Amino acid sequence: MALFDWLLSTDRLNPTWRSIQTRIQSDPYYRLQSAQEIEVAVALGMRIDVNQATVDDWLRLPGISIHQARSLVELANSGVQFCCLEDIAAALSIPVARLQPLQPILSFCYYDAESPATPVSIPANTASVEQLSRIPGVDLFFARAIVQNRQERGNYRNLADFQRRLALPPDLISEIMYYLRF
């Protein structure tokens, strides 16, 4: 019997497990509270790629503060690659033992910046017209509009603010969102 099948059969017998499963499945931002909840989340297929994680992803984990989450995301966005739990501990200046319970849900994927398969994200609030025009789907006219709007109305708060201010259709946002960071 595969591990996942065993866990699911255990699930049927354990009301606590089922309760945790229901909470996790019903709330996409549910903040995990314990090692048992992490175990259930992993059995449900949840993984967090530390090099692509958002602040919301980090905040789902027990013991991670908003300041730590923001710091990890900022480091990842600046190009820092986390290769192991020790890297995360060093970045947060905490003992690795404190992060050990999170190990099962964390995924350490490597992204080669030189690979065309790895999108390079550009900071929307500081990028030049030339940098923006390198994004697939962003022509020179659109890149100028992004910079002009930013200069006139200030920095973009997030992707939703960017979409609203520039009146962009959802399909275009879907195409370019992987290339921008805020």
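What you see is a predicted model; the values in this text were computed from it and never measured.

1. Overview of the nonpolar core
(1) Moving on: Within the largest apolar cluster, 31 residues are counted, with the highest numbers of intra-cluster contacts made by Leu 32, Trp 58, Leu 61 and Leu 106.
(2) Moving on: Those elements that place two or more of their residues in this core are helix 2 (15-26), helix 3 (35-43), helix 4 (55-59), helix 5 (66-77) and helix 6 (85-92).
(3) Moving on: When residues no more than four places from it in sequence are discounted, the contact partners of Leu 106 are Arg 47, Ile 48, Val 50, Trp 58, Leu 61 and Leu 85.
(4) Moving on: In this structure, Ile 122, Ala 124, Leu 132 and Ile 176 belong to the second largest nonpolar core, which totals 19 residues.

2. Topic: the packing of helix 5 against helix 6
(1) Moving on: Where helix 5 contacts helix 6, the axes come no closer than 10 Å and their chain directions differ by 115°. Classified by the angle their axes make, helix 5 and helix 6 are roughly perpendicular. Between helix 5 and helix 6 the crossing geometry is right-handed. Here helix 5 contributes Gln 68, Leu 72 and Leu 75 to the contact with helix 6, which in turn contributes Ile 88, Ala 91 and Leu 92.
(2) Moving on: Here the residues of the contact of helix 5 with helix 6 sort into five nonpolar, one polar and no charged.

3. A short note on the side chain of Asp 161
(1) Moving on: Tracing the sequence through the fold places Asp 161 in helix 10 (residues 159-166).
(2) Moving on: Within the local environment of Asp 161, its side chain forms a polar contact with the side chain of Arg 164, the two groups lying 2.4 Å apart.
(3) Moving on: Sequence-distant contacts of Asp 161, defined by excluding residues within four places in its chain, comprise Asn 155 and Tyr 156.

How each quantity is defined
Residue positions are given per chain, counting from 1 as you read along its sequence in written order. Per-residue local features of the predicted model are confined to residues with pLDDT of at least 70, and side-chain atom pairs are confined, for both listing and counting, to 80 or more; whole-chain, interface and lining totals are unaffected and use all residues. Heavy atoms throughout the structure, all of them, feed into the side-chain values; hydrogens and water do not. Take the buried Ala, Val, Leu, Ile, Met, Phe, Trp, Tyr and Cys residues and link them wherever side-chain atoms come within 4.5 Å; each set so joined is a nonpolar core. Here's how the labels work: a residue is buried when its accessible area is under 20% of the maximum for its type, exposed when over 50%, partly exposed in between, all with a 1.4 Å probe on protein chains only. In DSSP terms, a helix is any run of H or I states spanning at least four residues, a strand is any run of E spanning at least two, and both are numbered starting from the N terminus. Note on contacts: a residue pair qualifies if any of its non-hydrogen atoms lie within 4.5 Å across the two residues. Whenever a helix is involved, its axis is fitted only over the stretch in contact; in every case the axis is a line through C-alpha atoms, and angles between N-to-C directions fall within 0 to 180 degrees. Between 65 and 115 degrees an angle is taken as roughly perpendicular, under 35 as roughly parallel, over 145 as roughly antiparallel, and anywhere else as oblique. Take the far helix as the reference: if the near one is turned anticlockwise from it by less than a right angle, the crossing is left-handed, and if turned clockwise, right-handed. Asp, Glu, Lys and Arg are counted as charged, while Ala, Val, Leu, Ile, Met, Phe, Trp, Tyr, Cys and Pro are counted as nonpolar; the rest, among them Gly, fall into the polar class. Polar contacts here mean pairs of N or O atoms no more than 3.5 Å apart (in protein, one a potential hydrogen donor and the other a potential acceptor; neighbouring residues in sequence count only if both atoms are side-chain atoms).

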